[in-house]
Amino acid sequence: MDFKVLAVGDVVGGPGMDRVRRSLRYLKRKCNADFVIVNGENASVVGITPDQAEDILDAGADVITMGNHTWGKREITDYMDECPRILRPANYAPQVPGRGYGIYETKIGPVAVIDLVGRCNMDYGPNNPFLLMDSLLKQIDAKIILVEFHAEATSEKLAMGYMLDGQVSAVWGTHTHVPTADTQILPEGTGYVTDLGMTGPSRSVLGIRTELSIGKFRGDLPNRYQWANGPTKMEAVLFTIDSATGKCKKVERVDLYDENTSQC
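Now for a quick tour of the structure. Just so it is clear, the structure is predicted and the values come from calculations on it, not from any experiment. (Residues numbered from 1 in each chain as written. Predicted model: local features only at pLDDT ≥ 70, side-chain atom pairs only at ≥ 80, totals over all residues. Heavy atoms only, no water.)

## What to know about the packing of aromatic side chains
The tally for this structure, following the rule as stated, stands at five aromatic pairs. An aromatic cluster is built from Phe-3, Phe-35 and Tyr-104, whose rings are joined through pairwise contacts. (Phe/Tyr/Trp six-rings, centres within 6.5 Å; stacked < 30°, edge-to-face > 60°.)

Shown next as structure tokens:
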């Protein structure tokens, strides 16, 4: 039996949340997806609130993943402990709230989801995600294991994909908000893509108003980031997995764009 996993790119700000409410169930039905994972760490641009997390789950997500902006909204800390359907990076320090992986019951049995954050070009030093995976995989008893790697460097994401090839069902990257064209099945049967992309404003710089990003690179006085308005998009990848073997059979982009946004 095939098991279809829909992975949705970083939700950015109010427009991204509106897009999730409007389109997630539609995309889930269109893809006949069995399990949906949404990165929510930018729902408030920097961080996520409990209400936003509940909205994403209500819209059809089975699991919410986070990243380097996990603690952008401190009110999420208690929620992290209370709700097993939201994950923060597993390689955060062990004393912080929440969990880095979860095992969820589905129609084909237990499915494990692991959330990781990269170290290359990040502003801080989480624990080594490569070494952590060696120990985590010994603890997890599930045929299907899904890994999200929230990282800046494409090389770091690719290295993780190849290290885990044949040990997990799928590895995908988030964080850069730019969808990559390298959907593939690695030699030992693991589905892979370097970055899902994002969910939010299409006419923007990673979801932010273009003039604010331009000003930053020009050296203007700092301004607080604000999300852009206008047309929106939902960028996502669908992984089709053989439930008997845990191997990936197909990886495909399933992006949605507003009609007034061109898709190359």
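## Some words on unusual backbone geometry
Of note, Val-45 is a non-glycine position whose phi angle comes to about 70°, a positive value. As for its position among the elements, Val-45 is in the loop between strand 3 (35-39) and helix 2 (50-58). Classification of Val-45 by relative accessible area gives buried; the value is 12%. With a phi close to 105°, His-175 is a non-glycine residue in the positive phi region. Structurally, His-175 can be placed in the loop between strand 9 (170-174) and strand 10 (184-185). (Helix = DSSP H or I, 4+ residues; strand = E, 2+ residues; numbered from the N terminus. Buried < 20%, exposed > 50% of the residue type's maximum accessible area, 1.4 Å probe, protein only.)

## Some details on the pairing of strand 14 (residues 236-242)
Counting buried positions along strand 14 yields six of seven residues, so the element is predominantly enclosed. By the bridge criterion, seven bridges tie strand 1 (residues 2-8) to strand 14 in an arrangement that is antiparallel. For Val-5, the partnering residue across the bridge sits in strand 14 and is Phe-239. As consecutive antiparallel partners, strand 14 and strand 15 (residues 248-253) are separated by five residues, and within that stretch Gly-246 has a phi angle of approximately 80°, a positive value. (Pairing = 2+ DSSP bridges.)

## Describing the packing of helix 4 (residues 129-139) against helix 5 (residues 154-164)
Two elements in contact, helix 4 and helix 5, have axes whose closest approach is 11 Å; the angle formed by their N-to-C orientations is 25°. With respect to their mutual orientation, helix 4 and helix 5 come out roughly parallel. Between helix 4 and helix 5 the crossing geometry is right-handed. Within the contact between the two elements, helix 4 uses Pro-129, Phe-130, Met-133, Asp-134 and Leu-137 and helix 5 uses Glu-156, Ala-159, Met-160, Met-163 and Leu-164. Residues of the contact of helix 4 with helix 5, tallied by class, amount to eight nonpolar, no polar and two charged. (Axes fitted to C-alpha atoms, helices over the stretch in contact; angles between N-to-C directions. Parallel < 35°, antiparallel > 145°, perpendicular 65-115°, else oblique. Left-handed = near helix turned anticlockwise from the far one by under 90°. Contact = heavy atoms within 4.5 Å. Nonpolar A, V, L, I, M, F, W, Y, C, P; charged D, E, K, R; others polar.)

## Concerning the pattern of salt bridges
Taken as a whole, this structure holds ten salt bridges when the rule is applied. Across the salt bridge formed by Arg-21 and Asp-18, the nearest N and O atoms sit 2.9 Å from each other. You can see Arg-21 and its partner Asp-18 sitting in helix 1 (residues 13-31), three residues apart, about one turn around the helix. Among the residues examined, Asp-18 registers a relative accessible area of 46% and is labelled partly exposed. Lys-157 is paired through a salt bridge with Asp-195; the nearest N and O atoms lie 2.8 Å apart. (Salt bridge = Lys/Arg side-chain N within 4 Å of Asp/Glu carboxyl O.)

## What about the sheet that holds strand 14?
Reading across from one edge, 5-4-3-1-14-15 is the order of the six strands in this open sheet, with mixed pairing throughout. Single-partner strands in this sheet number two, and they are strand 5 (86-87) and strand 15. As paired strands, strand 14 and strand 15 are joined by five bridges and run antiparallel to one another. Bridge pairing in strand 15 places Leu-238 opposite Glu-252. Those strands touched by helix 1 are strand 1, strand 3 and strand 14, and its axis lies near 150° from that of strand 1.

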